[in-house]
Amino acid sequence: MTPLPGGVQVDLSPGDTQWVHQTHIGNAIATLPHPSAASFGQALNSAADLSAQYPDGRVVFTVYGPFDQLNGTMLALQ
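Residues numbered from 1 in each chain as written. Predicted model: local features only at pLDDT ≥ 70, side-chain atom pairs only at ≥ 80, totals over all residues. Heavy atoms only, no water.

Thoughts on the sheet that holds strand β1 (residues 2-4)
With antiparallel pairing, the four strands of this open sheet are ordered in space as β1-β2-β3-β4. Because the sheet does not close on itself, it has two edges, and the strands there are β1 and β4 (71-77). Direction aside, the axes of adjacent strands within the sheet are offset by 15° on average. Where helix α3 (residues 37-51) meets the sheet, it contacts β3 (58-64) and β4, and its direction lies at approximately 15° from that of β4. (Pairing = 2+ DSSP bridges. Helix = DSSP H or I, 4+ residues; strand = E, 2+ residues; numbered from the N terminus. Axes fitted to C-alpha atoms, helices over the stretch in contact; angles between N-to-C directions. Contact = heavy atoms within 4.5 Å.)

Quick word on the pairing of strand β2 (residues 7-11)
Pairing geometry for β1 and β2, over three bridges, is antiparallel. In the strand pairing of β2, L4 is matched with G7. Pairing analysis gives five bridges linking β2 to β3, with the strands arranged antiparallel. Along β3, the bridge assignment pairs D11 with V60.

A short note on α3
Each α-helix winds once per 3.6 residues, and so residues spaced three or four apart point in a common direction. Over its 15 residues, α3 extends 21 Å from the first C-alpha to the last, a length consistent with the 21 Å expected when each residue adds 1.5 Å. Along α3, the residues classified as buried are A37, G41, L44, N45, A47, A48 and S51. Structurally, α3 contributes buried residues whose contacts are with α1 (14-23), α2 (25-30), β3 and β4. (Expected span 1.5 Å × (residues − 1). Buried < 20%, exposed > 50% of the residue type's maximum accessible area, 1.4 Å probe, protein only.)

What about the nonpolar core?
Counting eight residues, the largest nonpolar core is built from V10, L12, V20, L44, A47, A48, V59 and F61. Contributions of two or more residues to this core are made by α3 and β3. By residue number, the principal contributor to this core is α3, which donates three residues. (Core = buried A, V, L, I, M, F, W, Y, C linked by side-chain atoms within 4.5 Å.)

Some remarks on the pairing of β4
The sheet contact formed by β3 and β4 spans seven bridges and is antiparallel. In the sheet register, V63 faces β4, and the bridge partner there is G72. Remark: six residues form the turn of the hairpin made by β3 and β4, two consecutive strands paired antiparallel; G65 in that turn has positive phi of roughly 105°.

Take it as geometry only, folks, not as evidence of what the structure does.
This is how it looks when you write it as structure tokens:
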């Protein structure tokens, strides 16, 4: 996790990405009582599913804004 002005960047290792893929933790995140939770959880699962197909695949995401107005980006990397 790297602090950014107004947010954070999270760079999952290949092992962490495999764990997200295998556990589908995004499903649990999607149930949290936050307006962004469902889309974030679904995006995390999708990105991890894609990246997990590669030995060094990983997921990177950024989150910005106050807690009630979060936004950001998510990348699936190989």
